[in-house]
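Each chain is listed here by its residues.
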Amino acid sequence: MRYISTRGTAPVLGFREATLAGLASDGGLYVPEAWPTLDRDAIAGLAGLSYAETAAIVMQPFVGDALDPGELRALCDAAYGRFSHAAVTPLVQLDHDRWLLELFHGPTLAFKDVALQLLGLLFERFLTGTDDHLTIIGATSGDTGSAAIDAVAGREGIDVFMLHPAGRVSDVQRRQMTTVLSPNVHNIAIRGDFDTAQAIVKALFNDAAFAGRFRLSAVNSINWARLMAQVVYYFYAGVRLGAPDRAVAYAVPTGNFGDVFAGYVAAKMGLPVARLIVATNVNDIVARALAGGDYSRGLTVPTATPSMDIQVSSNFERLLFDLGSRDGAATAAQMGTFESTRAMRLTNVQLAGAAPLFAAERIDADDMTMAMRWACDAAGQVVDPHTGVALAAARRMAPGTPVVTLATAHPAKFGDAVERATGIRPTLPARVGDLFDREERFASLPGTVEAVGAYVAERAVARA
Ligand SMILES: *Cc1c(COP(=O)(O)O)cnc(C)c1O
C-alpha cells in the first residue's frame with residue numbers, strides 16, 4: 001500500500017516510511033492511496049476470531065508487503081497480550097439497543113493503548129538493524145502521552161518528548177507520564193492549553209531542518225498507523241452484533257477526530273455502519289462543521305473531559321480530503337484559509353458526502369452527567385466522563401438500531417469527575433500499582449516553539 005499526503009505535494013511513501021514519518025512534509029497527513037475493502041464473506045469470516053487474529057486480517061491490506069502476515073500477527077499477539085481482558089475490547093450490553101465497547105483494558109487505562117502498544121512495536125521493528133534514531137514529539141491533552149510513553153519507554157533508538165498543558169490534565173494522567181523515569185522519556189509541562197502544545201509540535205515538524213536533523217516522528221493520531229489499529233475494533237464489535245447482515249451505529253467521544261475517522265475507514269472498507277455519532281463536549285468545532293459547515297475555532301473551554309477539549313481537530317483534514325474528491329491542492333487551500341483566519345466553510349460536496357454517515361451531537365455538562373447517572377441506575381455501569389458524553393449522544397438516537405458507545409477511558413482515570421456526577425468513587429485497577437507514591441520528573445517550559453525546540457535540541461540524538 002502507498003500513502004499520499006492530504007496536501008498533495010509530499011513524497012508518496014510506503015507503510016514503513018509513513019509510520020516512521022508521522023506527519024507529511026507538506027504539512028498534510030498521510031492517507032492510503034485507495035481504501036482496501038473486505039467483502040461480505042471476509043467480514044463474515046471474522047466471526048469468532050480473537051482480537052489479535054481480527055487485527056492482523058483487518059490491517060494486512062494497509063501494511064502490504066512491509067511485514068509478512070506471520071510477522072504482523074506476532075506483533076498483534078504481543079501488543080494485545082498486554083491487555084487485562086481476554087477479549088481485549090469487550091462489549092457490555094446496557095439495554096435492548098445499546099452497548100459499551102470497553103477500550104480501556106490496556107496498561108494506561110484509555111483507548112489510546114489499543115493503537116500505541118502496536119505502534120511502539122512497529123517503530124522497534126522498523127528501526128531494528130538500521131542506524132536510525134527516532135525522536136518522537138507529541139502533544140497530549142492527557143491520554144496519548146501516557147499511552148505513548150508506556151509503549152516506547154526503554155526501547156532502543158527512540159527518544160520521546162511529550163508536551164502536556166500544565167494543570168490541565170488529571171493527576172492520574174500526569175502521574176502516568178511523569179513517574180516513568182526511563183532516560184528516553186522527556187515530559188514537558190507547558191504554559192498554555194492543548195492547542196498551544198499541538199501548535200508547537202506542528203511548528204517543529206514544519207521546520208524541515210530541525211525535523212530532518214532529529215528525525216522527528218509523531219505518535220499523535222496524525223500518525224496513520226494509529227488510525228489503522230483503531231479500525232479493528234469497529235469490525236470486532238460490528239461482527240459480534242451481526243455484521244455483515246446488520247448495520248450498527250457507533251457513538252464516539254471526539255476530540256482530535258482520530259477515533260471516529262477510524263470508524264469512517266471501517267465503513268469505507270465495507271463494514272455496514274448505520275451511523276457515526278460524533279459526540280463533542282462544548283468545544284464543538286467538529287459538531288458545528290458537520291451540522292452546518294462552519295469550521296471555525298473559538299477559545300478552548302476546560303471541561304470534565306480534557307481529552308476532548310480541543311478546537312483544532314487534526315484528523316478532520318483527512319475527512320475533508322476524502323470527501324473533497326481527494327484533491328490535495330484544494331485541501332491545502334482550505335486548511336491554509338483555516339490556519340490564517342481561524343475559520344473556513346465546508347464545501348457543499350463535503351457536506352453532502354458527510355450527511356449520510358455522520359450525525360453530530362454537542363453534549364454539555366448536564367447531559368453528560370445525566371447519561372453517567374443513567375448508566376449507573378439502569379445498567380449498573382460506572383462510565384468515565386468521555387464515555388458519558390458519547391453515551392448522552394447515543395441516547396438521542398431513535399430506538400431500533402443497535403448503538404455501540406465507545407468507552408474510551410477507565411472511570412478511575414477521572415475519579416473526581418465520576419464521583420461528582422454519580423456519587424461513586426471508582427477504584428484504580430491493581431495493574432497501575434503505586435502511582436501516587438512514585439517520584440515524578442518533568443520540565444516546565446513556556447508555551448513557545450523556541451523554548452521547546454531548544455530543550456529538544458539539547459537532549460535528542462542528531463543524525464550523523
Ligand atoms: C483521546 C481521547 C478521546 C478523543 O479521541 P480522538 O481520537 O482525539 O477524537 C476521547 N476520550 C478519551 C478518553 C481519550 O483519551
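These remarks concern the structure in this document. (Residues numbered from 1 in each chain as written. Predicted model: local features only at pLDDT ≥ 70, side-chain atom pairs only at ≥ 80, totals over all residues. Heavy atoms only, no water.)

1. A few points about helix 17 (residues 385–394)
Counting buried residues along helix 17, ten of its ten residues qualify, which places the element largely inside the surrounding structure. Inspection of helix 17 places P385, H386, T387, G388, V389, A390, L391, A392, A393 and A394 among the buried residues, and these make up the whole buried set. (Buried < 20%, exposed > 50% of the residue type's maximum accessible area, 1.4 Å probe, protein only. Helix = DSSP H or I, 4+ residues; strand = E, 2+ residues; numbered from the N terminus.)

2. Overview of the nonpolar core
Ranked by internal contacts, the top residues of the largest apolar core, which has 105 residues, are Y80, Y250 and F358. In terms of residues, this core owes the most to one element, helix 10 (residues 224–240), which gives 13 residues. Ignoring sequence-local partners within four residues, the contact set of Y250 consists of Y234, A237, G238, L271, V273, R275, L276, I277, V404 and L406. (Core = buried A, V, L, I, M, F, W, Y, C linked by side-chain atoms within 4.5 Å. Contact = heavy atoms within 4.5 Å.)

3. A short note on the packing of helix 3 (residues 51–63) against helix 10
Interhelical geometry of helix 3 versus helix 10 gives an angle of 130 degrees and a closest axis separation of 9 Å. One element, helix 3, and the other, helix 10, form an angle in the oblique class. The two elements helix 3 and helix 10 cross, and the hand of that crossing is right-handed. Seen from helix 3, the contacting residues are Y51, T54, A55, V58, M59, F62 and V63; seen from helix 10, they are W224, M228, A229, V231, V232, Y233, F235 and Y236. Class assignment for the residues of the contact of helix 3 with helix 10 results in 14 nonpolar, one polar and no charged. (Axes fitted to C-alpha atoms, helices over the stretch in contact; angles between N-to-C directions. Parallel < 35°, antiparallel > 145°, perpendicular 65-115°, else oblique. Left-handed = near helix turned anticlockwise from the far one by under 90°. Nonpolar A, V, L, I, M, F, W, Y, C, P; charged D, E, K, R; others polar.)

4. Concerning the site of the ligand
Taken together, the neighbourhood of the ligand is formed by 14 residues, with K112, D143, G255, N256 and D259 sitting nearest. Between the ligand and S307, the relevant distance is 3.5 Å, taken from an oxygen atom to a side-chain nitrogen or oxygen of the residue. At 2.9 Å from a nitrogen atom of the ligand is found a side-chain nitrogen or oxygen belonging to T408. Relative to its unbound accessible surface of 380 Å², the ligand loses 98% to contact with the protein. When its residues are assigned to classes, the shell around the ligand shows four nonpolar, seven polar and three charged. (Near = heavy atom within 4 Å. Polar contact = N/O pair within 3.5 Å; in protein donor to acceptor, adjacent residues only side chain to side chain. Areas by Shrake-Rupley, 256 points an atom, 1.4 Å probe, with all protein chains shown as cover.)

5. Examining the packing of helix 11 (residues 258–268) against helix 13 (residues 316–323)
Running from amino to carboxyl end, helix 11 crosses helix 13 at an angle of 30 degrees, the nearest separation of the two axes being 10 Å. By the criterion of interaxial angle, the relationship of helix 11 to helix 13 is roughly parallel. On the side of helix 11, the interface is formed by F261, Y264 and K268, while helix 13 contributes R318, L319, D322 and L323. Of the residues in the contact of helix 11 with helix 13, the class split is four nonpolar, no polar and three charged.

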